Amino acid sequence: MKVPDIFAAAKQTQFSFELLPPLKGTSIEQLYAAIDPLLAFNPAYINITAHREQIEYKKLPNGLLEERTVRKRPGNVAIAGALQHKYGIPVVPHILCGGFSKSETEYALIELHFLGIRNILALRGDALKSEAFYKPHPQGHEFTSQLISQAKNLGKGNYLDEELENSTPLDFSIGVAGYPEKHYSAPNLAHDLLMLKAKVAAGADYVVTQMFFDNQKYFDFVNAARAIGITVPIVPGIKPLAMKTQLERLPQIFYIDLPEDLAAEVRKAKDNPAVYQIGIEWAIAQSK
């Protein structure tokens, strides 16, 4: 089932969760063990994040540094197929612009379609840690709207190889990201909303927001999006705090603010289990 159909059929609030692929070398059984307890919440679908390559440098005996390109997590195509087959729950693998050529993207979408997967979340992706700014793949997409257009063209049977004789249409629902506190690379929220509008115009079916810890920022974001003509569903992204270190790490990594009321409670917590309880209670209160 496609995510927009899930929304349309819903008679009550739906729950989904986002899954981080395991590190390379980890058994998929460990992944199942992490998912099994979450089935009690009857998730409507499962998001599967994607991760691009990393650049590492190894010191050689002669003192020089050797640059190596590595991927520390397996691709999400196989994981998506395994999860949907095992649990019978729709999955939404994330598809990135960064680090992937148009051809690699096309093959990923073909493989997902073969597996019976009909949902994707299209994202630009972040810059490499070794880069000051995001750089698109030389044969890839610079913007998410371009990635969406490629997926939509495949939905019409238009592949990169124009001479392809058998061009089966690949039909996907497409989600995109929205940022209630704006994307870090955007000069302001108004510009960021225009970029979101471009993604919807390219064919995005719904928006999933970056995590937030202040409901008002989400409501303001939705109102601003509606004001400029964005009408698709906007799904709130909610994350419970789990560790004290996240007070510093989350703002640094995701460029978000944590309300002082929440931060003060976390600072007073004796240990991480106490932080997690505070995080759960705050997330529940924010979801109302």
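The structure under discussion appears in the preceding block.
Residues numbered from 1 in each chain as written. Predicted model: local features only at pLDDT ≥ 70, side-chain atom pairs only at ≥ 80, totals over all residues. Heavy atoms only, no water.

Quick notes on unusual backbone geometry
In plain terms, the rule: A run of DSSP states H or I qualifies as a helix once it reaches four residues; a run of E qualifies as a strand once it reaches two. Both are numbered from the N-terminal end. Buried residues are those whose accessible area, probed at 1.4 Å on protein chains only, stays under 20% of the maximum for their type, while exposed residues exceed 50% and partly exposed ones sit between those limits.
Look at Asn42: it is not a glycine, yet its phi comes out positive at around 55 degrees. Looking at the secondary structure, you find Asn42 in the loop between helix 2 (28-35) and strand 2 (45-48). By relative accessible area, which is 62% here, Asn42 ends up exposed. In the Ramachandran plot, Lys182 falls in the positive-phi region, its phi being about 70 degrees despite a non-glycine side chain. With respect to the helices and strands, Lys182 occurs in the loop between strand 7 (173-178) and helix 6 (189-202).

Brief notes about the environment of Arg71
Note the following rule: A contact between two residues is defined here by any heavy atoms of the two lying within 4.5 Å.
Structurally, Arg71 can be placed in the loop between strand 4 (65-70) and helix 3 (76-87). Judged by its relative accessible area of 33%, Arg71 falls in the partly exposed class. A sequence separation of 20 residues divides Arg71 from His51, and the C-alpha atoms of the two residues are 7.9 Å apart. For Arg71, the residues in contact, after removing those within four places along its chain, are Lys24, His51, Arg52, Glu53, Gly99 and Phe100.

Some remarks on the packing of aromatic side chains
Just so we agree on the cut-off: Under the pairing criterion, centres of Phe, Tyr and Trp rings, with the six-membered ring standing for Trp, must be within 6.5 Å; the plane angle then separates stacked pairs below 30 degrees from edge-to-face pairs above 60, leaving the rest tilted. Two conditions define a charge located above a ring, namely a distance within 6 Å from the ring centre to NZ of Lys or CZ of Arg, and an angle within 35 degrees of the ring normal.
Tallied over the full model, the rule gives eight aromatic pairs. The structure contains a cluster of three or more aromatic residues connected by ring pairs, namely Phe7, Tyr45 and Tyr206. The lysine or arginine in question, Lys86, covers the ring of Tyr32, its NZ or CZ lying 4.7 Å from the ring centre.

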